[in-house]
Amino acid sequence: MGAPIWWVVVLLVLGLSATVSEADSHRQKFGLCSKKSNDDDEDESPYNTDAGPVPDKLNVHLVPHTHDDVGWLKTVDQYFVGSNNTIQIAAVQYIIGSVIDSLLKNPDRKFIYVEQAFFQRWWRLQNKQMQKKVKKLVEKGQLEFINGGWCMHDEATTHYLDMIDQTTLGHRYIKDQFDVAPRIGWQIDPFGHSAVQGYLLGAEAGFDALFFARADYQDKAKRQTDRTMEFIWRGSKSLGASAQLFGGLLGHHYDPPPEFRYDIRSEAPLIQDDPLLYDYNVEERVELFVKLVQEQASQFRTNHTMWTMGEDFAYEYAETWFKQMDKLIHYVNLDGRVNVFYSTPSMYLDSKHAANETWPVKEDDFFPYADCPHCYWTGYFTSRAALKRYVRRLSGVLQAARQLEFIVGKNETGPNTDSLEEAMAIVQHHDGVSGTERQHVANDYAKRLSIGAAEAAEVISTALNRLISGNLPKPDMKKKKEVTAKKLLKDPKYVIQMPSSEEVSNESLKFELCFLLNVSYCPPTEVDLSGGKTLVVVAYNPLGWPRDEMIRIPVTSTSLTVTDSDGQAIPSQLVPLSKIAKGLREKYVMAHEGVHAGQGDLSYLVFEASVPPLGYRTFHIKASVPGSPKSAQHASVEQSNERAGHVQLQSSGAHIQISLQTGRIEKMKDLKTGVIADVEQSYCWYNASDGNAFESQGQASGAYIFRPNSSECFPLGSPDDTVQLTVIRGPLVEEVHQTFSPWISQVVRLYRDADHAEIEFMVGPIPIEDGLGKEVVTKVSTNLESNGEFFTDSNGRDFLKRVRNYRSDWTLNVTEEVAGNYYPLNLGIYLADNETEFSVLVDRALGGGSIRDGELEIMLHRRMLHDDGRGVSDVLNEVVCTGDPEICEGLTVQGTYYLHTSSKTEAPKWRRSYGQEILFPVQLAFTVLESSEANVGPALNFSLLASDYSLPPNVALLTLQELEEGDVLFRLAHLYEIGEDILSAVANVDTQALFGKKRIDKIEEVTLTANQKKSDVKPLQWNVEGNISSTVPLRGHHHKKHEVLVELGPMEIRTFIASFE
């Protein structure tokens, strides 16, 4: 029989007493105690977590964080609210809320947060009590904003102006709500890192350091061995040490080793420290932790090392992380071999700085990035090329709309530019404009951009209406400055209202913008003018200097006259639409608008507009008597069937020769300098790997990775095939239309006074019926002796020298001859020899390189059949569906690039000046007057600038944006690098002349993102290795508040806030 019940009870009581006694001993042995929380009603922690750095031990900085993509597998709003969880379980609103709750439980805990697109969504849902608690956490340093942009932007496919804008937007909210300025850059997930990010979006933004997680696998291995994972980054040869910052490559990506990942779904073992339970493992966990941190520390300098405690969308239940870190800190510090504590990158940086160590210097950038021998992340430089163009197009719209918004006064209640500003900020995300998101997310980005663009178009239309009609609001600026932003948002009486449409002198006047001009569609310009109507075209120039621009709009009338604002007839030309252009028009108007575009008798009307700086000029187009000498001339059309000889195109600045035998360009001449280049321009495609290659099995080409099956670029058709040619000639423009295949065609265009060739290409639908993914490139072969060197831009700013099959920081093991020599392009690429340069500028972010001497290639479009295994799990196979029943086919990409050859002394001027014209295109607005006698308004010309003033040719006005209280934020940028050109000299700007009749009261210089006074920023000083040149950069002098003159040195961008009398 079993033991009596009373005996069992005695045994249990004795055993329990012994176990409780052991637990008490355990608590005493390991110093478990009660820890006061931020709130008296919260639970108290038994762990000692108030550690900090100590001088004689290895200090381990635990940095809790989450990396929250502003769109990737799900849209930004799906990520925030936590919907669409069949794709990915992630809900950022709960991450932030859970983190705040955990921070309030223990004042030693810390957390960093980055993406303001998410944080601001969360913040506006909180009551005042919670907002007060969060502000206290920020004040105490428990919650720190790092990076602080609206998103963590990409660094390859973003333009520096858009990078500045999105970072400024995030910094503005942080400053307004918490009165703090982030001091650390945290670009942990972008796929390579640009020089512009280091010096401009880093040092010039007031950052002391920039940390990131991705570097080429060969580069990282060498840095780990040499202990150069951290360095002083001088990304600008022009600004040198004056724009340097501390750079750090994280030791273990941006997450901890897998044994110490504590997310709710993690499989890592927890620290089990309760002796009453099985699987007690404190000593084992401590031993492994010490081993791993010592291994990591051996790759870094000083006795400080950082562990990033987080991963993608981590901390949805924050206590799973914080409770384990509490234990880790407590038990590891009792062990005593290393010292561990809660920290932030700012604390870590200060410890590094206090160590007085000497650091290596890094120049240039971290492109291209590869994570294995056949895994070059260079495909995304071109992925979703149509989205990339849309982003660049709307960047220009945003800047122009902001300028006009400032000129007439911002309407805080709308329409205004805020919607487009936020949409543009979101899409700069490193899985946004990069093209590495899923298709439904790309659609969401495009939808947001379209809504923002429509509102910005209203801003432009309303502003032009008021300027032309002479009906401008006159707000009391002094009274407005006394109003706080808080009042402005809540009390309508404080809002400065713009006149309603009823107050405008011409009530029926409404200007329209045409966002489908790229597919030859613009309803207001296609109106039949034969009944006496007048088409009014307003051309607005957002540049700070005057420009002559060829305007090109679709029209249906065949006899037209164009007059300028003085009533003088100006030369014009009619160019027929090609069959290919008409096909694109019909297909994409149906896809976008859901209507038939109509074929009709369509032509392009071309005329030259001379437009003042930061101003507009109006033009009137009317029907005319056929044959009138003032009518637009019809271009001649020649269908060439010859197979010998040449076609010659010539302007006042350039000459182009095209072979009739091959149908391709074969010579270009710059008439100003007499420079001649032998040129052959063609198209070919790389076969995208399906992942079945002998080496690196499973690695396919995809949204991120460019991996051709071989280094051969397959030509279209056979080598003997001749390109079909149509030649169009007229007084303003000459064109050669070329058809290379049923799915690739182009127009070579030379305007009357142009010094460069314009190449308008159409690629697609890319055929995949053969089962082959294709990566389509244009190649330009020249006779320049480039010796393996070529030059590409950094985010549209500096040009960096590239050397084929070479890296400056390590000896490259060449495994991908093509993909490993591709670099991101935002402005362009060029070749040079001793006397000549050959340049190509682009209209969007693309990838390109020089695989052979004297040759450039640019990837224009990609269509894949496989995913590349980097997380998106979505094949890059963009299609367009139209019709009923719906028919889908591959996306066609249409765009433009620009070819130029000249001497080495003249070429930089073209790249810099014309690059600005591409970035800031003339914005066209249209309206139709029902009568030829009707008057659009008295002010047919306008310029914000003082009479006869324009910016110097080496300076650009980047930003002109009205702020909430009536002040204006403006940025001036020097366009040239040191030693690049004769214009690489200090430039002077008269800001009073810039603002014309608006009288300046004072101007205050601020940091790049306008969240600190420039004079308040004191960069950290560092000791560097070697004989590194310390030449003092050529910068403009310190600016005083009441000075109106501003100086700029080469590559300098200066940011100001101006107030007016």
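For the structure given in this document, a descriptive report is provided here. As the structure is a computational prediction, the values presented were derived from the model and not from experiment.

**Points about the overall build of the chain**
Check the secondary structure of the chain and you find 19 helices and 50 strands. The globule rule puts the C-alpha radius of gyration for 1061 residues at 31 Å, and the 31 Å found for the chain is close to it. Seen through its principal axes, the chain has C-alpha atoms that stretch 120 × 70 × 70 Å. By the burial criterion, 61% of the 1061 residues in the chain qualify as buried. Here the analysis covers contacts within the chain between residues at least 6 apart in sequence; of these, 76% occur between residues at least 24 apart. Charged side chains in the chain number 105 positive and 144 negative. The centres of these two groups are separated by 4 Å.

**Topic: the pairing of strand β19 (residues 615–623)**
For β19, a buried count of 7 out of 9 residues is recorded, marking the element as mostly surrounded by other parts of the structure. Note: strand β13 (residues 534–541) against β19, 8 bridges, orientation antiparallel. By the bridge assignment for β19, leucine 535 is matched with isoleucine 621. Pairing analysis gives 4 bridges linking strand β15 (residues 560–563) to β19, with the strands arranged antiparallel. Bridging from a neighbouring strand, valine 562 pairs with isoleucine 621 of β19. In this sheet, strand β43 (residues 941–943) lies alongside β19 in antiparallel orientation, the contact comprising 3 bridges. Bridge pairing links arginine 617 to asparagine 941 in β43.

**Some words on the sheet that holds strand β50 (residues 1053–1060)**
The pairing of strands in a sheet comes from backbone hydrogen bonds and takes either a parallel or an antiparallel form. Here 4 strands make up an open sheet; going across it, the order is β44-β45-β50-β47 and the pairing antiparallel. Since the sheet does not close on itself, it has two edges, and those belong to β44 (955–962) and β47 (1000–1006), each with one partner. On average, each strand axis in the sheet is inclined to that of its neighbour by 25°, with strand direction left out of account. Alignment of β44 against strand β45 (residues 968–974), held across 7 bridges, turns out to be antiparallel. Within β45, the position partnered with alanine 956 by the bridge is alanine 973. Sheet strands in contact with helix α6 (residues 160–178) are β44, β45 and β50, and its direction is about 30° off that of β44.

**Considerations on unusual backbone geometry**
Backbone torsion omega between glycine 414 and proline 415 reads 0°, so that peptide bond is classified as cis. With respect to the secondary-structure elements, proline 415 resides in the loop between α12 (385–408) and α13 (418–427). At the junction of glycine 764 and proline 765, the peptide bond is cis and its omega measures out at -10° in the coordinates. Tracing the backbone through its elements, the reader meets proline 765 in the loop between β30 (757–763) and β31 (773–782). Positive phi is not limited to glycine here, since aspartate 279 has a value of about 65°. Structurally, aspartate 279 can be placed in the loop between β8 (251–254) and α9 (282–297). Owing to a relative accessible area of 66%, aspartate 279 belongs among the exposed residues under this scheme. The phi dihedral of alanine 1010 is positive, around 60°, even though this residue is not glycine.

**Observations regarding the pairing of strand β37 (residues 846–849)**
On β37, burial covers both faces: Leu846 and Gly848 on one face and Gly847 and Gly849 on the other are all buried. For β37 and strand β38 (residues 855–863), the ladder comprises 3 bridges, and the chain directions are antiparallel. Residue pairing in the sheet places glycine 848 in a bridge with isoleucine 858 of β38. The loop that links β37 with its antiparallel partner β38 comprises 5 residues; one of these, glycine 854, has a positive phi angle of about 75°.

**Considering α12**
Between its first and last C-alpha atoms α12 spans 35 Å; for 24 residues at 1.5 Å apiece the expected length is 34 Å, and the two agree. The buried fraction of α12 is high, at 20 of 24 residues.

Conventions adopted
Residues numbered from 1 in each chain as written. Predicted model: local features only at pLDDT ≥ 70, side-chain atom pairs only at ≥ 80, totals over all residues. Heavy atoms only, no water. Helix = DSSP H or I, 4+ residues; strand = E, 2+ residues; numbered from the N terminus. Rg over C-alpha atoms; globule rule 2.2 N^0.38 Å. Buried < 20%, exposed > 50% of the residue type's maximum accessible area, 1.4 Å probe, protein only. Contact = heavy atoms within 4.5 Å. Lys, Arg positive; Asp, Glu negative; His and termini not counted. Charge placed at Lys NZ, Arg CZ, Asp CG, Glu CD. Pairing = 2+ DSSP bridges. Axes fitted to C-alpha atoms, helices over the stretch in contact; angles between N-to-C directions. Expected span 1.5 Å × (residues − 1).

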